[in-house]
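# Coordinates in review
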Amino acid sequence: MARRIISHGLEAQSFEETIASVKARIIERGDTTRATVDEQLDLLDQLADFPFGRFLLQNRGWNGGWTDFVMQHPESGRKTGKAPDGRSLTPLERRLLDTFPMILATQERSRHFAAAIQGAVKSGASLASIPCGLMRDLLARDYSSVSGIRLTGIDLDEDSLARAASLAENFGLSASTTFLRRDAWDLGIEGSFDLIASNGLNTYEPDDTRVTDLYCCFKTALRPGGLLVTSFLTPPPDIDPASEWDLQAIDPGALRLQQTIYVDVIGIAFQCYRSSATTIAQLGEAGFAETQVVWDRARIYPTILARKGG
C-alpha cells in the first residue's frame, strides 16, 4: 500500500478550522522570542490573504504546483509584481518570495539542478524526476540536439502528475515522457535511469535511516555510472552551533520574519536538517561512489551530485 504524501496534505480540516486552530495555538503559547501574540495574529491574517499563504497554513508544506510557482517567480512575479493569474502580489507575499533566505536558496537550488540535468542530456538518455511535481526540472531543458531521450516522472500526488502531463504537452515532450504514481521508497525499478533528480523528500523525513533507504532506492533505479541530483537543508545556527550557513549572505530581518512565519505561525513541516558531512555519509552508505556539493550563496539548501559506481 502506498505511503501518504509527506510534503503536504497533512491536515484534514477546512480552511476556517485551520485558521481557528492556528489562532488558538498562538494565543495559548503567547509571545515568542521573535514576535508578540498580536504580531503573530497579524501575520496569520496576512497569510490568509493570498493563495500560497493559505496553502502553507493548511498543509504546512508545498506541493508540486506551489514549488513550481516559487521556482518561476524570479523570471515572472519578481519582475511584474503579478501572480500567474494576473492578480497583484500582496506585500507579505512579495517579501516571502523575494527576501526569505529559504525561498532564495530554493530558487538558487533550482538553477543548480537545471545545470546538472542539462549536463546529462545525451541521445538515448533516460532521465527521471522523483518526486516530479510539475517536472519542470526535466521538461524545461534543451533537447534540440539529441534524439531518443526518455523522461519519467514519479510522484504520489495525482494532481501533480496531471499538471506535469499537461506541462509535458506544452513543451512538446509528451511522446518522450512517462508518468508513474509510486512511492519513492518503493519504486520497483532497477538499472533504468542515467539520472534521477530528487528534491524535497529528505527535508520532510526525520528518520536518518529512512533517508539512507531512499538513497538506496535511487541507486538501485540508476544505471551503472548514473547520477543522482538531490539536495538537503543544512541546520540553522540556532539549532546547530556548527551550522554551515553563511550569515554574511543572509538578511537578518528577512530571516527573523521567515522564522516567525514558518516556525511560530505555520509550524512548517520541512524542518529536517542535515549537514553536508551527514548527507555525504548517507550517500556513501547507500553505495554512491562519488559526491560533489554545489553550494548556494548562503549555504542553506545545497545541491549534491552523487554518482553510482560503474
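If you're wondering where the values come from, they're calculated on a predicted model, not measured in any experiment.

## Overview of the packing of helix 1 (residues 15–29) against helix 3 (residues 51–59)
Where helix 1 meets helix 3, the closest approach of the two axes is 9 Å, and the angle between their N-to-C directions is 70 degrees. The pairing of helix 1 with helix 3 is recorded here as roughly perpendicular in orientation. Across from F15, T18 and I19 in helix 1, the residues of helix 3 making contact are R54, L57 and Q58. Residue composition of the contact of helix 1 with helix 3, grouped by class: three nonpolar, two polar and one charged.

## Examining helix 12 (residues 252–266)
The α-helix winds at 3.6 residues per turn, so residues separated by three or four positions along the chain end up facing the same way. Counted at 1.5 Å a residue, the expected span for helix 12 with its 15 residues is 21 Å, and the 20 Å between its end C-alpha atoms agrees. Within helix 12, 11 of the 15 residues are buried, which leaves it mostly tucked inside the rest of the structure. When we look at burial in helix 12, the residues that qualify are A254, L255, L257, Q258, Q259, T260, I261, Y262, D264, V265 and I266. Here the buried face of helix 12 lies against helix 1, helix 2 (37–47), helix 3, helix 6 (91–99) and helix 7 (101–119). If you check the start of helix 12, you find a side-chain oxygen 2.9 Å away from the backbone N of G253, and it comes from D251.

## Quick look at the pairing of strand 7 (residues 303–308)
Counting buried positions along strand 7 gives five out of six residues, so the element sits mostly inside the fold. In terms of strand pairing, strand 5 (residues 222–231) meets strand 7 through five bridges, oriented antiparallel. Within strand 7, the position partnered with L228 by the bridge is A306. Where strand 6 (residues 288–294) meets strand 7, six bridges bridge the pair, whose relative direction is antiparallel. Looking at the pairing, V293 lines up with I304 of strand 7.

## Comments concerning the nonpolar core
Core analysis: the largest hydrophobic core is formed by 41 residues, its most contacted members being F52, I261, Y262 and I300. Elements with a contribution of two residues or more to this core: helix 1, helix 2, helix 3, helix 4 (64–72), helix 6, helix 7 and helix 12. If you tally residues by element for this core, the top one is helix 12, at six residues. Apart from the residues lying within four places of it in its own chain, the contact partners of F52 are W62, W66, F69, V70, L96 and L97. One finds V121, A125, L139 and I149 within the second-largest nonpolar core, a separate group that totals 26 residues.

## Thoughts on the pairing of strand 3 (residues 177–181)
Pairing geometry for strand 2 (residues 150–155) and strand 3, over five bridges, is parallel. Within the sheet, the bridge partner assigned to T152 lies in strand 3 and is T178. On the question of chirality, the crossover connecting strand 2 to the parallel strand 3 by way of helix 9 (residues 158–170) is right-handed.

## So, the pattern of salt bridges
Overall, the coordinates contain 11 salt bridges when judged by the stated rule. Measuring nitrogen to oxygen at the nearest pair gives 2.6 Å for the salt bridge that ties D68 to R136. Within this pair, whereas D68 is found in helix 4, its partner R136 is found in helix 8 (residues 136–139), the two being separated by 68 residues in sequence. Residue classification places D68 among the buried residues on the basis of a relative accessible area of 12%. Look at R136 and you get partly exposed, because its relative accessible area is 23%. In this structure, R87 and D85 form a salt bridge, with 3.6 Å as the shortest nitrogen-oxygen distance. Exposure remark for R87: the relative accessible area of 22% places this residue in the partly exposed category. The network of salt bridges with common partners includes R78, R94 and D98.

The rules behind each value
Residues numbered from 1 in each chain as written. Predicted model: local features only at pLDDT ≥ 70, side-chain atom pairs only at ≥ 80, totals over all residues. Heavy atoms only, no water. Axes fitted to C-alpha atoms, helices over the stretch in contact; angles between N-to-C directions. Helix = DSSP H or I, 4+ residues; strand = E, 2+ residues; numbered from the N terminus. Parallel < 35°, antiparallel > 145°, perpendicular 65-115°, else oblique. Contact = heavy atoms within 4.5 Å. Nonpolar A, V, L, I, M, F, W, Y, C, P; charged D, E, K, R; others polar. Expected span 1.5 Å × (residues − 1). Buried < 20%, exposed > 50% of the residue type's maximum accessible area, 1.4 Å probe, protein only. Polar contact = N/O pair within 3.5 Å; in protein donor to acceptor, adjacent residues only side chain to side chain. Pairing = 2+ DSSP bridges. Core = buried A, V, L, I, M, F, W, Y, C linked by side-chain atoms within 4.5 Å. Right-handed = clockwise from strand over helix to strand, strands pointing away. Salt bridge = Lys/Arg side-chain N within 4 Å of Asp/Glu carboxyl O.

The values reported here are purely geometric and, on their own, carry no functional implication.
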